[in-house]
Amino acid sequence: MRRRTFVAGLGAAVSIPGWAGQSPRLSPAAMRSDAAILRRAYETLHPGLLRYQTAGEATARFDALAAAQPLATGDFYLALARCLSAVRCGHSYANFYNQSDAIRAALFDARPRLPLHFVWLGERMIVTADPHGTGIARGTEVVAIDGHPARDILAALLPLTRADGHNDGKRRQLLSVRGEDGYETFDALYGLRFGGGPRYALDLRTPDGRTRRAVVEGIDLKTRRSVATPTNGTDNPGWRVERRGRAAVMTMPGWGLYNSKWDWRSWIDGEMDRLVADRVPALIVDIRANEGGEDCGDVLLERIVGRRVTADPARRLVRYRELPADLRPYCDTWDRSFDKLGADARRYDDRFLELAGTDRDAAVIAPRGKRYAGKLIVLTGPENSSATFAFIQTVRREKLGTLVGEPTGGNRRGINGGCFYFLRLPETGLEVDLPLIGTFPHAMPPDAGIVPDVAAPRTPRSIADGSDPAMAAALALVRS
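As the structure is a prediction and not an experimental result, all values here were calculated from the model.

Peer 1: Go over the pattern of salt bridges with me, naming the residues and quoting the values.
Peer 2: Evaluation of the coordinates by the stated rule reveals 34 salt bridges. Residue Asp 187 pairs with Arg 113 through a salt bridge whose shortest N-O separation is 3.5 Å. Separated by 74 residues along the polypeptide, Asp 187 in helix α7 (residues 185-194) and Arg 113 in the loop between α4 (101-109) and β3 (117-121) bring together distant segments of the chain. On the basis of relative accessible area, Arg 113 is assigned to the buried category, the value being 4%. A salt bridge links Glu 141 to Arg 205; the shortest N-O distance between them is 3.0 Å.

Written out as structure tokens, the structure is:
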């Protein structure tokens, strides 16, 4: 799911005891109370709590959260982020967008931000754009910020960042600043962990190998957002089709269309009809900037498959038949039917219930309309971790096309999502996302994302010269 668009505003009315416009110092009693609610909810409802940790490890982490000494809200937020990151679930975190107005204002809104766009390539922080005119060229490496080596900053922030399993490629992607999110993960976590601003002293290594120091002014949230290129909305979220030689390139930067009135299904059908009519030999689908959302990929594949295929053969497991009454006051959601999510589920084992839609009940992608029979190429990257991960997984499993680019986010051992509660912690005023459905493959695949058929990673040099290795590799496949 593209989490930044997820049911905004549900928590805006939350009040915080002792709040007076500044981050209060929380009492141990408040933190213990909310840690107990978190533990009860996650142990009762979260399908993936023990996917990557033992029950003893989970207990120790909840106990450590409850045992914290008096902390400011921002410091407790970091402790909460560390506890949730250990679940290794890309949908389990204290979501920036689902916090109250007061929490967002105190923790995220006012702090100065680094006035650059950048990506992490391994442990290297590489500038991709200079939207605020600092004079730092793209392809420049930020070696240190205010004396903190970039690799140390990354090491400090990775354990606070959400991702599925041990897929640190996804964590590095989230900690990159690309000018797409209303709240950038790096801005939020770096500000709480390291502080900084109003100016930043940067040690730099330029693309030609020279080193220099630059002092840059921090920017505020409004300025950060003034140059953002959001990929979701109530209208066409940047989807487009362009002809590149013998190929059509379909770019889909976001599938977060939950509240959209745009008829995206008709858009897909119209574009596929044109490709069929024009007999275009190859279709390149570029979803590298797309974390997920609606199952738009299934609708696209209906125009490509020549036979019925299973959308996702993994088991869909939940932990509960009905939401316990003591948790209901804290579990906000957009659909109260989730309160009885497992009412009709089959008993799977002593821990799980199995929802319909698994094995013989599985959803099927069936051919529809005039089939596009050209070559399919999908451009992949670490952003792909929810619906786009599932789409890529189907393309790979059913041999429907060629994957080009970088390893995906997500995890081949399954992810958690589908239905959610917004867990409101009343004493601290924080919110935590709680996914309710876990997908579990029948085998035990590697703890990793999906590796493309053709590797074409970004490099500092490609960023400096503005080239696109993945697109170049895809077009080369078309020509061949």
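Here the narrative resumes, following the displayed structure.
Peer 1: Give a detailed account of the sheet that holds strand β10 (residues 247-251), specifying residues and quantitative values.
Peer 2: The strand order across the open sheet formed by 6 strands is β9-β10-β11-β18-β19-β22, and the pairing between neighbours is mixed. Edge positions in the sheet fall to β9 (240-244) and β22 (454-455), since each of these pairs with one other strand and no more. Pairing of β9 with β10 involves 5 bridges; the strand directions are antiparallel. Across the sheet, residue Arg 244 finds its bridge partner in β10, namely Ala 247. Sitting on the sheet, helix α11 (residues 387-397) is in contact with β18 (375-380) and β19 (402-405), with an inclination near 140 degrees to β18. On top of the sheet, helix α13 (residues 469-479) reaches β9, β10, β11 (282-286), β18, β19 and β22; it is set at about 170 degrees to β18, its chief contact.

Peer 1: Quick rundown of the sheet that holds strand β14 (residues 331-332)? Include the residues and the values.
Peer 2: The 6 strands lie next to each other as β14-β20-β21-β13-β16-β15, forming an open sheet whose pairing is antiparallel. Looking at the sheet topology across the chains shown, the edges are occupied by β14 and β15 (346-347). As judged from the 7 bridges shared by strand β20 (residues 416-424) and strand β21 (residues 431-440), these two strands associate in the antiparallel manner. In the strand pairing of β21, Asn 416 is matched with Gly 438. Against the sheet, helix α1 (residues 28-45) touches β14, β20 and β21, its axis set at about 15 degrees to β21.

Peer 1: Any chance you could break down the pairing of β3 for me, citing the residues and the numbers?
Peer 2: Strand residues, when the strand is regular, have side chains that alternate between the two faces of the sheet. Counting buried positions over the 5 residues of β3 gives 5, a clear majority of the element. Along β3, one buried face is formed by His 117, Val 119 and Leu 121 and the opposite face, lined by Phe 118 and Trp 120, is buried too. In the sheet, β3 pairs with strand β4 (residues 124-129) via 5 bridges, with the strands oriented antiparallel. Across the sheet, the residue bridging to His 117 is Ala 129, located in β4.

Peer 1: Before we move on, could you go through the layout of surface pockets and cite the residues and values that matter?
Peer 2: Considered as a void within the structure, the second largest pocket measures approximately 970 Å³ in volume. In terms of lining, the second largest pocket is formed by 31 residues, of which the most central are Glu 180, Arg 288, Ala 289, Arg 458 and Asp 468. Mapped onto the lining of the second largest pocket, the elements with two or more residues apiece are β3, α12 (460-465) and α13. Considering only residue class, the lining of the second largest pocket consists of 9 nonpolar, 12 polar and 10 charged.

Peer 1: Describe in detail the packing of helix α5 (residues 150-157) against α7, supporting the description with residues and values.
Peer 2: As a packed pair, α5 and α7 sit with axes 11 Å apart at the nearest point and diverge in direction by 100 degrees. On the basis of the axis angle, α5 is roughly perpendicular to α7. For the pair α5 and α7, the contacting residues are Ile 153, Ala 156 and Leu 157 in the first and Phe 186, Leu 189, Tyr 190, Arg 193 and Phe 194 in the second. Of the residues that constitute the contact of α5 with α7, the class distribution is 7 nonpolar, no polar and 1 charged.

Rules used in this analysis
- Residues numbered from 1 in each chain as written.
- Predicted model: local features only at pLDDT ≥ 70, side-chain atom pairs only at ≥ 80, totals over all residues.
- Heavy atoms only, no water.
- Salt bridge = Lys/Arg side-chain N within 4 Å of Asp/Glu carboxyl O.
- Helix = DSSP H or I, 4+ residues; strand = E, 2+ residues; numbered from the N terminus.
- Buried < 20%, exposed > 50% of the residue type's maximum accessible area, 1.4 Å probe, protein only.
- Pairing = 2+ DSSP bridges.
- Contact = heavy atoms within 4.5 Å.
- Axes fitted to C-alpha atoms, helices over the stretch in contact; angles between N-to-C directions.
- 1 Å grid on protein atoms, 1.4 Å probe; cavity = no way out; pocket = protein on both sides within 12 Å on 5 of 7 lines; lining within 4 Å.
- Points joined across faces, edges and corners; volume = space filled by probe spheres on them.
- Nonpolar A, V, L, I, M, F, W, Y, C, P; charged D, E, K, R; others polar.
- Parallel < 35°, antiparallel > 145°, perpendicular 65-115°, else oblique.

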